[in-house]
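Observations on chain architecture
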Amino acid sequence: MNVELYERIWMWAAAALIAMFLSGILLTAGLHAVRPPSHMETLDPTALATYPEFANPAVRTQPDGGVVVSVVAQMFSFSPDPIVVPANRPVTFRVTSADVVHGLEVPGTNANVMAIPGYVSQFTVTFARPGEYIVACHEYCGIGHHNMVGKLIVK
Ligand code: CUA
């Protein structure tokens, strides 16, 4: 089969681009532990008050020493705020929304999930550096979206 020179060049260029994009995905997944949450848990978003952990969202230390943070996102704030957690210990976030789709991201860390009404987004992260971080909503959720910022204190 005879393939024209320029066609061959473009085929190889396209193949190189695809390989580059794929290795970008694989590298971030492997090196930065960026991955889709695998946790699947539902609740009734209209009755959050009937779930003890979301009726009163807070940072709780479990009997085994683990730290669990229950977070409710709603227009246009996070609860609790500020979130105070220890450094160098695994912290499990359990995030849901009381109204529309929000996001929860702590820039500079790999804490980043969507807060979806009816679902609990769960992830565990260890913050190595003590300090103050912002908790940002990264899904457009209405007129006050740009003001939906909370605070995370790692100590
Ligand atoms: Cu909440 Cu944007």
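Above this note sits the structure.
Residues numbered from 1 in each chain as written. Predicted model: local features only at pLDDT ≥ 70, side-chain atom pairs only at ≥ 80, totals over all residues. Heavy atoms only, no water.

What follows concerns the overall build of the protein chain. In terms of regular secondary structure, the protein chain is built from two helices and 10 strands. The C-alpha atoms of the protein chain give 20 Å as radius of gyration, which overshoots the globular expectation for 155 residues (15 Å, by more than 25%). Projected onto its principal axes, the C-alpha coordinates of the protein chain cover approximately 70 × 35 × 30 Å. Scored against the burial criterion, the 155 residues of the protein chain give a buried share of 32%. In the protein chain, 59% of the contacts between residues at least 6 apart in sequence involve partners at least 24 apart. (Helix = DSSP H or I, 4+ residues; strand = E, 2+ residues; numbered from the N terminus. Rg over C-alpha atoms; globule rule 2.2 N^0.38 Å. Buried < 20%, exposed > 50% of the residue type's maximum accessible area, 1.4 Å probe, protein only. Contact = heavy atoms within 4.5 Å.)

All right, on to the environment of Val-95 then. The residue Val-95 is located in strand β5 (residues 90-97) in this model. With 91 residues separating them in the primary sequence, Val-95 and Glu-4 have C-alpha atoms 55 Å apart. Not counting residues up to four positions away in its chain, the partners in contact with Val-95 are Val-71, Leu-104, Val-113, Ala-115, Tyr-119, Val-120, Ser-121 and Phe-123.

With the rule as written, the count across this model stands at three aromatic pairs. For the ring pair Phe-93 and Phe-123, a centre distance of 5.0 Å and an interplane angle of 0 degrees mean the geometry is stacked. In this pair, Phe-93 sits in strand β5 while Phe-123 sits in strand β8 (residues 121-126), placing the two residues 30 residues apart along the sequence. For the pair formed by Phe-93 and Phe-123, the shared burial category is buried. Taken together, a centroid distance of 6.3 Å and an interplanar angle of 85 degrees make the contact between Phe-93 and Phe-127 edge-to-face. Of this pair, Phe-93 sits in strand β5 while Phe-127 sits in the loop between β8 and β9 (131-136), placing them 34 residues apart in sequence. Assessed through its relative accessible area of 1%, Phe-93 is described here as buried. For Phe-127, a relative accessible area of 2% corresponds to the buried category. (Phe/Tyr/Trp six-rings, centres within 6.5 Å; stacked < 30°, edge-to-face > 60°.)

The values are spatial; any link to function lies outside them.
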